[in-house]
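Listed below are the residues making up each chain.
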Amino acid sequence: MSIADDIRQSLVPPHPAGRPFIVCGLVAIGFGLVLGAFLVWLGLIFTLFCLYFFRDPERFPPRRPGLFLAPADGRVVSVTLAPPPAELGLGGAPRWKVSIFLSVLNVHVNRVPVDGVVTRVAYHSGAFVSAAQDKASELNERNALAIRLDNGQEIAVVQIAGLIARRILCFVKEGDRVTAGDRFGLIRFGSRTDLYLPEGLAPMVIEGQTMIGGETVIAEPAS
């Protein structure tokens, strides 16, 4: 990707969830024009940061049906076998879990990994340890989704709060029909997203790999 492409990816409209923060920054600038230059600069820096953090670029999912796409931008920090969250009722059998860590520099809009129907949305309160740690999947505040595919298989997608992420937003509800690449949520200021694949399906990605939400293929069904 060229520098021009990087700039274009940054200069996109922010997600509506960021508007209250952007307005606060603009208000600070307004007060700073009266009270002093320091507040102007503080408000300007905060506003620019929020415009960057809440950017919401369009994504273009691969057209081939049945692919499992990355649910978030960021870096793969764990690829391991683990049972999905108990609150989703998907059983205790281990399945492949891919964990993606989102730094404050990543796009934080979450994307649906595969076509299907949302069968369960379950919020679980918890701690706020660093989302880069594997124990964050169990200890941290989270919001979990179960999605049933047309072939009857089920997956889980889990939004996990991080050390400074204190607000998980979910835009879908039980019974919603979703399409791969759709926006389904957002986590503010650093976080983690886990994808639990169907039983018996292995991921194609490795730890350290960079993901693009709604575009990077994590797994595909056997032909």
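Residues numbered from 1 in each chain as written. Predicted model: local features only at pLDDT ≥ 70, side-chain atom pairs only at ≥ 80, totals over all residues. Heavy atoms only, no water.

Caption draft 1: The overall build of the protein, seen in detail. On a plain count of helices and strands, the protein comes out with 4 helices and 13 strands. Accessible surface, the protein: about 10900 Å² in total, of which carbon and sulfur atoms supply 61%. (Helix = DSSP H or I, 4+ residues; strand = E, 2+ residues; numbered from the N terminus. Areas by Shrake-Rupley, 256 points an atom, 1.4 Å probe, with all protein chains shown as cover.)

Caption draft 2: Structural view of the packing of aromatic side chains. Tallied over the full model, the rule gives 0 aromatic pairs. For Arg55, the ring lying beneath its charged end belongs to Tyr52, and the centroid distance is 3.8 Å. (Phe/Tyr/Trp six-rings, centres within 6.5 Å; stacked < 30°, edge-to-face > 60°. Lys NZ or Arg CZ within 6 Å of the ring centre and 35° of its normal.)

Caption draft 3: Here's a closer look at the sheet that holds strand β11 (residues 191-196). One open sheet holds the 8 strands; their spatial order is β9-β5-β6-β7-β11-β3-β2-β12, and the pairing between them is antiparallel. In this open sheet, the two strands that pair with only one neighbour each are β9 (177-178) and β12 (210-211). The pairing of strand β6 (residues 142-148) with strand β7 (residues 154-161) spans 7 bridges and is classified as antiparallel. If you follow Ala146 over to β7, its bridge partner there is Ala156. (Pairing = 2+ DSSP bridges.)

Caption draft 4: The arrangement of the pairing of β7 in detail. Burial analysis of β7 places 7 of its 8 residues in the buried class, the great majority of the element. If you look at the hairpin formed by β6 and β7, you'll find 5 residues sitting between the two strands, and Gly152 has a positive phi there, around 95°. Two elements, β7 and β11, share 6 bridges in a ladder whose sense is antiparallel. Each residue of the ladder has a partner; that of Val158, found in β11, is Asp194. (Buried < 20%, exposed > 50% of the residue type's maximum accessible area, 1.4 Å probe, protein only.)

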